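Given next are the chains, with one letter for each unit.
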Amino acid sequence: MIRLERVTYAYPDQSPPTLAGFSATIEPGEFVLVVGPSGSGKSTFLRSLNGLVPHFYGGSWAGRAEVFGRDPLELAPRGMADLVGFVFQDPEAQFVVDTVEDELVFAMENFGITQGTMRKRLEEVLDQMAIAHLRSRRIGTLSGGEKQRVAIASVLALQPEVLVLDEPTSQLDPQAAEEVLVALRHLNEDLGLTIVLSEHRLERVLQYADRVLYIPGSGEQALLGDPRTIAAQLPWAPPLVELGKRMGWDPLPLTIKEGRVRVRELAGRRMGPALETGPIAETGPLSPPLIAARNVHYGYGSRPALQGVSLEVRPGEFVALMGRNGSGKSTLLRQMVGLLMPAEGQVTVAGRPTRDTPLGDIIRTVGYVPQDPAALLFNDTVAAELAFTRRGHGLPPAAEADARLLARLGLEDVADRDPRDLSVGQRQRVALASILVADPQVILLDEPTRGLDYEQKRALVALLTELTGEGRAVVMATHDVELVAAGADRVVLLAEGQVVVDGPAREVMSDSQVFASQINKLFRDPRYLVVDDVAVAVEP
Amino acid sequence: MRDEALHPVAWTAWLVAAALPPLTTRNPLYLTLTLLVAGINFSVLGQGNATARGWASLVRFGATLWLLTIPFTMLTNHHGDIVLFTLPESWPVIGGPITLESLLYGLTGGLAIIGLLLIFSAFNLAVDQARLLRMAPAFAYQAGVVTAIAVAFVPQMASSWQDIREAQQVRGHRFHGLRDLLPLIMPLLVTALERAMQLAESMEARGFGGVTVAVSPRDRTITQTMLLAGLAGLGIGLGAIGFLPQQRALGVALTAAGVLLLMIGFWQQGRTVHRTTYRRWVWGRRDRMVLAIGVTSALIWLATWLMRGEWLFYYPYPPYSPWPTFHTVLGFAILMLAIPALLVQQQRQEVGALDPS
């Protein structure tokens, strides 16, 4: 049993405690999902289970913790490692050695387990996580989903009672995330392993959880209860739950299967004509493309990344670039901003081929927000970041315009703060602001939603939609199906460096198994993609 | 690919044996022979190895530097009796006789360095460094893991450097002077630090540091004294070899005693950390042969160096002869180091015959 009693913890140099009077009890064999907005203390709670909080981070701790009869406070992470297996968010950053087999035995070697036992357990975890075929591979050559399964296997080798995972799927594409979640469910159901998992994208995990722990943050009391009860109380929820709440369905559906029963009942009622899928972008076909890629080929060494991609982006379009990890999304974005040049074919920006245009001219039209805001931000204040971009573009300083831009992004209060001290969502917006300040006509975003919660994502979509309304084009590489359903008007699906589908979001997303939104899976009708579509149709 | 590799310890013996000639002699005949042997091993091991190109370019870089230094030596050093041609004395520095001796001197200087580069590259192709580090004895285990992490960090840093450079480029950042380094260095430092923290956290959570065994203060003092005495012996011994050529035997004895003491001390210290290793290397016929070859060659070379130091001596300028001597036994000691390449080739053919794919 895991029991935390009246735990109050504050990180060093932070006045309001992250956890205040926090209590929770988790029974052996439970699958507990931990939810809450960014910065509410989810990670802190998880880290207190194996003593990383407070041992690794310092800070002040009060209260009692007990995990299966052991006290993490007294034993420190080392003493808890064989009881609590901990898997981190970033699959890249948690590996110590460079081949799968060596990585799996690393923890066992530290615990002085005999060679015979090691061999036996190694074979076991290889089978449990279905990674036996990867055993002699180098970690660097694995996909994200494979890496995360190796990370789970490497902590399982010590045969822990509890598996704690801090947003293990947030950096994976939907298929890879599914692989990991299925494996976790198997561990929970067949081996009785206790699993404590935090996750932002509830639509993926809610159905697996026995109970949900909701940590609202900002000093409010945490709630622990069965998924239906908690889901009904969340201020934000996956589209299916959202719809259930609006329609007053009771009990709330948590899976598509449960939802479809309700939909059949609805079928009796007359559904309104809903939104007619009218002309997508009136200005689209008329105006010349801002960016046009024609038959672009590109490869890294002997590995092809793009094989004959053609794509046009016109003013006012919101294009979502989807596809597996490694399907060429990032490479295509880099081609569009002239960071890479096509090996064959050509890319034109505002009519000029990137090959003959200096980068300084391209970036007047195209702004590129990289995946990790940390790659971009380096100044002491947010305002200085904006000023830096202005200088880079040879624009005169304009403090007033900068302030207006920051206000528009909801950043007016943090203009003088250090970007590194801000939350993930704020940092993402600062990165966006430092690109928008140069007033580009096209904005390219690479995976902008990593680590963002529902609220922050909603704000991002609203902002991007507003930008397209001004006649700018947005091209966003993403795995987030619900985000695309809510904002994009065109989806381009890449696979193996080729465009597989390119069409209106409504058509592409309702014609797919993997890339369909929850609401669409429910109705199987291109007219219904997001909750609002249904709401409009049902209300007379 | 790695599964057909020979035992890392066998290759380490080869590395030591092959590195001895370039470290102890400037005789161009032995050096050329060593270069040839290293080249054979390098080309065999490099077949089908993706990292071979990187190492080859390193060797090429070294060779280019070497070729550039030869004319420099010839033009600036005018000693020697065998004059090839003469530049007018009035030209500053480079004026004067250009001699065969200085050509030979320039050639031999670089040969040793190129030889070492090639030997080291071949060794790296043969052995997975990460695994070698993890075979380190208990006392060096932590140092080994730290080094392994550092090695793995380099490619990660390179890729974040690339991301950062691109991110700043599209913000209009141009590189004009040192001040423009800041937008690149700051994010790099921050990401590296964050990554290091995450890794540290992950290692902590997986019980790194192992279970330590309590030691009595007396044992600890003995171990530490042993380590200190060993270090002193090593230092004095090496000093004696370097500065008192007539006392070479004494120096070698002291060095050996120092190394022995250090090893015992470290072994004692390693016993306090309780950990196990997963990998067990199997000594096959070929592994034993490579080990035997390495040890034999190294012993021949060391014995010659200790007892017949003059055999290795070479200095092209007068009063010595520019024509190098050659002893068959030494030539033999170097040539036998080419055999591992043949063994690797043979093993590949056998594996290939078993598995047509």
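Residues numbered from 1 in each chain as written. Chains lettered and ligands numbered in written order. Predicted model: local features only at pLDDT ≥ 70, side-chain atom pairs only at ≥ 80, totals over all residues.

Asks: So what exactly am I meant to see when it comes to the overall build of chain A here?
Replies: Secondary structure summary: chain A contains 21 helices and 19 strands in total. Its C-alpha atoms give chain A a radius of gyration of 24 Å, near enough to 24 Å, the size a compact globule of 540 residues would have. Reported as C-alpha extents along the three principal axes, the dimensions of chain A are approximately 70 × 55 × 50 Å. Residue burial in chain A is summarised as follows: out of 540 residues, 52% are buried. Taking contacts inside chain A between residues at least 6 apart in sequence as the whole, the part at least 24 apart equals 68%. (Helix = DSSP H or I, 4+ residues; strand = E, 2+ residues; numbered from the N terminus. Rg over C-alpha atoms; globule rule 2.2 N^0.38 Å. Buried ≥ 20, exposed ≤ 12 C-beta atoms within 10 Å, placed from the backbone. Contact = placed C-beta atoms within 7 Å.)

Asks: In this structure, what is going on with the sheet that holds strand β13 (residues 344–349) of chain A? I would like to understand it.
Replies: Note: strands within a sheet are paired through backbone hydrogen bonds, in either parallel or antiparallel orientation. All names here are of chain A. Strand order in the open sheet formed by four strands is β11-β10-β13-β14, and the pairing between neighbours is antiparallel. Strands at the two margins of the open sheet, each flanked by one partner only, are β11 (303–313) and β14 (352–353). Sheet topology places β13 next to β14; two bridges connect them, and they run antiparallel. Its bridge partner being in β14, threonine 348 is matched across the sheet by proline 353. (Pairing = 2+ DSSP bridges.)

Asks: I tried to follow the domain arrangement of chain A on my own but got confused; where do I start?
Replies: Bring the parts together and some accessible area is lost; that lost area is often taken as the interface size. Residues and elements named next belong to chain A. We note that the domain assignment places domain 1 (2–235) and domain 2 (291–526) within chain A. Taken together, the contacts link 13 residues of domain 1 with 16 residues of domain 2. No other element matches helix α7 (residues 174–191), which puts three residues into the side of domain 1 that touches domain 2. Residues of the side of domain 1 that touches domain 2, tallied by class, amount to three nonpolar, eight polar and two charged. (Domains from an automatic or database assignment. Nonpolar A, V, L, I, M, F, W, Y, C, P; charged D, E, K, R; others polar.)

Asks: Just to check I follow, could you spell out the confidence of the model for chain B for this structure?
Replies: If pLDDT is low for a region, its predicted coordinates should not be looked at in detail. Residues and elements named next belong to chain B. Per-chain confidence: chain B averages 82 in pLDDT, with 88% of residues scoring 70 or above. Taken element by element, the predicted model of chain B shows its lowest mean pLDDT in strand β3 (residues 211–212) (60) and its highest in helix α12 (residues 328–335) (92). Confidence estimates for the predicted assembly give a pTM of 0.75 and an ipTM of 0.83. (pLDDT = per-residue confidence, 0-100.)

Asks: Help me understand the interface of chain B and chain A, please; the structure alone is not making it clear to me.
Replies: Residue-level contacts link 42 residues of chain B with 47 residues of chain A. When residues of the side of chain B that touches chain A are traced back to their parent elements, those giving at least two are α5 (129–134), α6 (141–169) and α7 (182–205) of chain B.

Asks: Hey, could you run me through α12 of chain B in this one?
Replies: Because each turn of an α-helix spans 3.6 residues, side chains separated by three or four positions end up pointing in the same direction. Residue and element names in this part refer to chain B. Inspection of α12 places Leu330, Ala333 and Ile334 among the buried residues, and these make up the whole buried set. Buried residues of α12 fall within an arc of 95° about the axis and therefore sit on the same side. α12 presents Thr328 and Val329 as exposed residues on the side facing more than 90 degrees away from its buried surface. Looking at the buried residues of α12, the elements they touch are α1 (8–24), α2 (28–46), α10 (285–307) and α11 (309–312). (Arc of directions from axis to C-beta.)

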